Amino acid sequence: MLHRPHVTVVLAMSADGKIADIQRSAARFGSAADKHHLETQIAQADGILFGAGTLRAYGTTLTVNDPQLLQQRLALGKPPQPVQIVCSGSGALDPQLRFFQQAVPRWLLTSAEALTGWQNRPEFARVLPFYSEAPDWSQVFQALLGLGLERLVVTGGGELVAELLAVDLIDEFWLTLCPLLLGGAAPSPVAGAGFLEAAAPRLELLSAEVLGSEVFLHYRRL
Ligand SMILES: NC(=O)c1ccc[n+]([C@@H]2O[C@H](COP(=O)([O-])OP(=O)(O)OC[C@H]3O[C@@H](n4cnc5c(N)ncnc54)[C@H](OP(=O)(O)O)[C@@H]3O)[C@@H](O)[C@H]2O)c1
């Protein structure tokens, strides 16, 4: 029996391992094939989880549009769109973002302080508390499972991924290696304090596919 949702991280990164440029702008360097890959992963999920930094950078979220993917969801008895879950401790989100006009179910995961400001508003169908000052991720994920979310896709950014990795709640990574170099102190797939080599989370490569100038890497967390 599942005790938490299955969690897959999907990110595109430059050949030097950066997920955005030094201005932390929205990363739009992936090809059309990479966008389709992301859409395919999203289409398999019940919920998409991302940090407020990612929402602030993009202002929107990727939805399932491909008719075949929509058909597959329908055949599995899933709603057309997975739930889009924003993680924001501060709750400092601009309600004018285009995200709030997109035809997707939206939930907010937030702190007790920010909770009340977003409750009973049209932007979020559900506002979930962290339960304590910092998120107790096992508890949060158990609650998400209880709400029917068995498969989660995490679409970034590095800060959220680092949090989840530190508490060992990530099962798989899809990393697309894209043909550009961003350099400098730009963000990478895993922010946070970093791991010493001896304690670094280890991965097993499940597949590596070359498409054009991009490499699609699929890893499992060991
Ligand atoms: N290449 C790609 O595939 C890809 C994909 C996604 C994002 N990106 C890039 O990644 C960058 C954004 O990543 P990021 O690491 O800066 O931010 P992020 O992980 O998207 O979001 C960080 C924010 O999430 C909230 N959060 C995360 N963990 C929390 C916790 N434990 N408790 C409370 N709140 C928590 C906080 O929001 P509050 O500040 O509201 O409290 C925090 O500031 C952008 O430059 C974007 O372009 C790239």
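Residues numbered from 1 in each chain as written. Predicted model: local features only at pLDDT ≥ 70, side-chain atom pairs only at ≥ 80, totals over all residues.

Caption draft 1: Spotlight on the site of the ligand. The environment of the ligand is made up of 30 residues, and the closest members are G51, G53, G89, G156 and G157. Mapped by element, the contributors of at least two residues to the shell around the ligand are β1 (6–14), β2 (47–51), α2 (52–58), β3 (83–88) and α6 (158–166). (Near = placed C-beta within 6 Å. Helix = DSSP H or I, 4+ residues; strand = E, 2+ residues; numbered from the N terminus.)

Caption draft 2: Structural context of the nonpolar core. Counting 50 residues, the largest nonpolar core has F50, I85, V86, C87, L109, L152 and V154 as the members making the most contacts within it. Broken down by element, this core gets its largest block of residues, six residues, from β1. Residues contacting C87, with those up to four places away along its chain left out, are L49, F50, G51, A52, L109 and L160. (Core = buried A, V, L, I, M, F, W, Y, C linked by C-beta atoms within 7 Å. Buried ≥ 20, exposed ≤ 12 C-beta atoms within 10 Å, placed from the backbone. Contact = placed C-beta atoms within 7 Å.)

Caption draft 3: Quick look at the sheet that holds strand β7 (residues 172–178). Taking strand neighbours across the sheet as the criterion, the nine strands line up as β5-β4-β3-β2-β6-β1-β7-β9-β8 in an open arrangement whose pairing is mixed. Both edges of this open sheet fall to β5 (126–129) and β8 (203–211), since each of them pairs with a single strand only. Adjacent strand axes in the sheet meet at a mean angle of 20 degrees when their direction is disregarded. Where β1 meets β7, seven bridges bridge the pair, whose relative direction is parallel. The residue of β7 that forms the bridge with V9 is F173. (Pairing = 2+ DSSP bridges. Axes fitted to C-alpha atoms, helices over the stretch in contact; angles between N-to-C directions.)

Caption draft 4: Up close: the packing of helix α1 (residues 32–43) against helix α3 (residues 67–75). Running from amino to carboxyl end, α1 crosses α3 at an angle of 10 degrees, the nearest separation of the two axes being 10 Å. The angle between α1 and α3 falls in the class roughly parallel. Mapping the contact onto sequence places E39, T40 and A43 in α1 and L69, Q72 and R73 in α3. For the contact of α1 with α3, a count of residues per class yields two nonpolar, two polar and two charged. (Parallel < 35°, antiparallel > 145°, perpendicular 65-115°, else oblique. Nonpolar A, V, L, I, M, F, W, Y, C, P; charged D, E, K, R; others polar.)

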